[in-house]
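Here's the letter readout for the chains.
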Amino acid sequence: MPKAVVRSMLYIPGNNPGMIQQAPVFGADSILLDLEDAVALSEKDAARHLVCGFLRTLDFGDMLVTVRVNGADTPFFAEDLRRVVPCRPDAIRLPKCSSPEDVRAAEALLAEIEAQHGMEPGTVKIHAMLETARGIAEAGAVATCSPRVTALTLGGQDLTADMGVEKTREGDELFVARSLVALAARAAGIDAFDTIWADVNDNEGLLEETRRVVGLGFTGKAAIHPGQISWIHRAFVPDAKKVAAAERIAHAAAAAEREGRGVVSVDGRMVDAPVVRRARHTLDMARLAELEVE
């Protein structure tokens, strides 16, 4: 069963058997087997065959396993789904998703393939990749158009190209898009995954950016190199003061529940249900970090 918390999603080219085979030891919460941008046109069929073979035979443990298929505007899309879906990945990443109609078209084909192979309807989920201005504008509609959609993910490189702006280290040009994606995902109760950090030699920059997007409400971030995973995870570790405050809130809330009280007071201040949920999430992140250190 996949992890409940997915902070990191490692891209692995679908034509790289060595990396796929080592995926369980990299430490990522999730992997994304890529059939799209990472694979040359001449290798699409071979990569699809390789990915399907590993999906059938390799034990990925508790990692969430997603496959990024080629876009619906390519000749590879339908065959990607027809071959990959029966291998039962947890989800497919749908690139260039610009509207609910894009999701519904993919959903219809997924349902057809699942039925053909005797699979439970809705077995394979959809991660909608928003990488155009229209996609960002439609983020709320995409997030809620189908129960198969369990995550929104931001494609920063393609979005900046679509906007005609430069992708900078500071990322100011993505602030509005990130905010809209995070808000839409949170409102729909699904995950929000941030775009990659392209400079694999600048881990301090990766850490800084990941902390910023965590502050915006993103639940995870994509990685393009195994060395980025621990830095992404570090950005989700709450500091000691926040953990101590969260422990006080969680203990007070538990005591109030046992005593049948609806009001919780901590450090002389009243706290409500959302604050209690946030405190418990903080403690979950702290415990997860402790487990990784042990």
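Reading guide: rules and limits
Residues numbered from 1 in each chain as written. Predicted model: local features only at pLDDT ≥ 70, side-chain atom pairs only at ≥ 80, totals over all residues. Heavy atoms only, no water. Buried < 20%, exposed > 50% of the residue type's maximum accessible area, 1.4 Å probe, protein only. Helix = DSSP H or I, 4+ residues; strand = E, 2+ residues; numbered from the N terminus. Pairing = 2+ DSSP bridges. Right-handed = clockwise from strand over helix to strand, strands pointing away. Expected span 1.5 Å × (residues − 1). Contact = heavy atoms within 4.5 Å. Core = buried A, V, L, I, M, F, W, Y, C linked by side-chain atoms within 4.5 Å. Patch = residues over 30% accessible without salt bridge, like charges linked within 9 Å, V, L, I, M, F, W, Y side chains within 5 Å. Areas by Shrake-Rupley, 256 points an atom, 1.4 Å probe, with all protein chains shown as cover. Salt bridge = Lys/Arg side-chain N within 4 Å of Asp/Glu carboxyl O. 1 Å grid on protein atoms, 1.4 Å probe; cavity = no way out; pocket = protein on both sides within 12 Å on 5 of 7 lines; lining within 4 Å. Points joined across faces, edges and corners; volume = space filled by probe spheres on them. Nonpolar A, V, L, I, M, F, W, Y, C, P; charged D, E, K, R; others polar. Phe/Tyr/Trp six-rings, centres within 6.5 Å; stacked < 30°, edge-to-face > 60°. Lys NZ or Arg CZ within 6 Å of the ring centre and 35° of its normal. Axes fitted to C-alpha atoms, helices over the stretch in contact; angles between N-to-C directions. Left-handed = near helix turned anticlockwise from the far one by under 90°.

**A short note on the pairing of strand β4 (residues 91-94)**
Phase 1 of the analysis: In β4, alternate side chains face the same way, and those of A91 and R93 on one face and I92 and L94 on the other are all buried.
Phase 2 of the analysis: Two elements, strand β3 (residues 64-68) and β4, share three bridges in a ladder whose sense is parallel. Opposite T66, over in β4, you have A91 as the bridge partner.
Phase 3 of the analysis: Between the parallel elements β3 and β4, the chain passes through helix α3 (residues 77-84) in a crossover that is right-handed.
Phase 4 of the analysis: Handedness of the β-α-β unit built from β4, helix α4 (residues 100-116) and strand β5 (residues 125-130) comes out right-handed.

**Let's talk about α4**
Phase 1 of the analysis: Taking 1.5 Å per residue as the helical rise, α4 with its 17 residues ought to reach 24 Å, and the 24 Å between its terminal C-alpha atoms agrees with that figure.
Phase 2 of the analysis: Considered for burial, the residues of α4 that qualify are P100, V103, A106, L109, L110, I113 and E114.
Phase 3 of the analysis: As for α4, its buried residues are in contact with α3, β4, β5, α6 (139-144) and β6 (149-154).
Phase 4 of the analysis: In the stretch just after α4, G118 is the one whose phi turns positive, near 65°.

**Points about the nonpolar core**
The nonpolar side chains of a soluble globular protein tend to be buried, and buried together.
Phase 1 of the analysis: Of all hydrophobic cores here, the largest spans 68 residues; its most connected members are L33, L55, L81 and L152.
Phase 2 of the analysis: Leave out the neighbours within four places in its chain, and L55 touches L33, F60, V65, V67, V84, C87 and P89.
Phase 3 of the analysis: In terms of nonpolar packing, the next biggest core, distinct from the first, is built from 14 residues, A250, V266, V276 and A286 among them.

**Thoughts on a nonpolar patch on the surface**
Phase 1 of the analysis: Among the surface-exposed residues, F175, V176, L180 and L216 lie close enough to one another that they form a single nonpolar patch of about 350 Å² accessible area.
Phase 2 of the analysis: Here V176 is to be found in helix α8 (residues 175-188).

**Details of the layout of surface pockets**
Phase 1 of the analysis: Roughly 960 Å³ of volume is contained in the largest pocket.
Phase 2 of the analysis: Taken together, 30 residues form the lining of the largest pocket, with V214, R278, H281, T282 and M285 sitting closest to its centre.
Phase 3 of the analysis: Sorting the residues of the lining of the largest pocket by element identifies α9 (203-216), α10 (229-235), α11 (240-258) and α12 (273-293) as the ones contributing at least two each.
Phase 4 of the analysis: In terms of residues, the lining of the largest pocket owes the most to one element, α12, which gives seven residues.
Phase 5 of the analysis: Classifying every residue of the lining of the largest pocket by side-chain character gives 16 nonpolar, five polar and nine charged.
Phase 6 of the analysis: Size it by volume and the second largest pocket reaches roughly 310 Å³.

**Some thoughts on the packing of aromatic side chains**
Phase 1 of the analysis: Overall, the coordinates contain zero aromatic pairs when judged by the stated rule.
Phase 2 of the analysis: Stacked on the ring of F76, the Lys or Arg K44 has its end atom at 5.8 Å from the ring centre.
Phase 3 of the analysis: The side chain of R234 reaches across the aromatic face of W231, ending 4.2 Å from its centre.

**Comments concerning the sheet that holds β4**
Phase 1 of the analysis: Read around the closed barrel, the eight strands follow the order β1-β2-β3-β4-β5-β6-β7-β8; overall the barrel is parallel. Going from strand to strand, the sheet's axes swing by 25° on average, the running direction of each strand aside.
Phase 2 of the analysis: The pairing of β5 with β6 spans five bridges and is parallel. If you follow A128 over to β6, its bridge partner there is L152.
Phase 3 of the analysis: Relative to β6, α8 is tilted by about 170°, and along the sheet it contacts β5, β6, β7 (191-194) and β8 (220-223).

**A few points about the packing of α3 against α4**
When two helices pack together, their arrangement is given by the angle between the helix axes and by the axis-to-axis distance.
Phase 1 of the analysis: Orientation of α3 relative to α4, taken along the N-to-C sense of each, is 35°, at an axis distance of 9 Å. At the point where α3 passes α4, the crossing takes the right-handed sense. Contact with α3, carried on its side by F77, A78, L81 and R82, involves A106, L109, L110, E112, I113 and Q116 of α4 and no other residues of that element.

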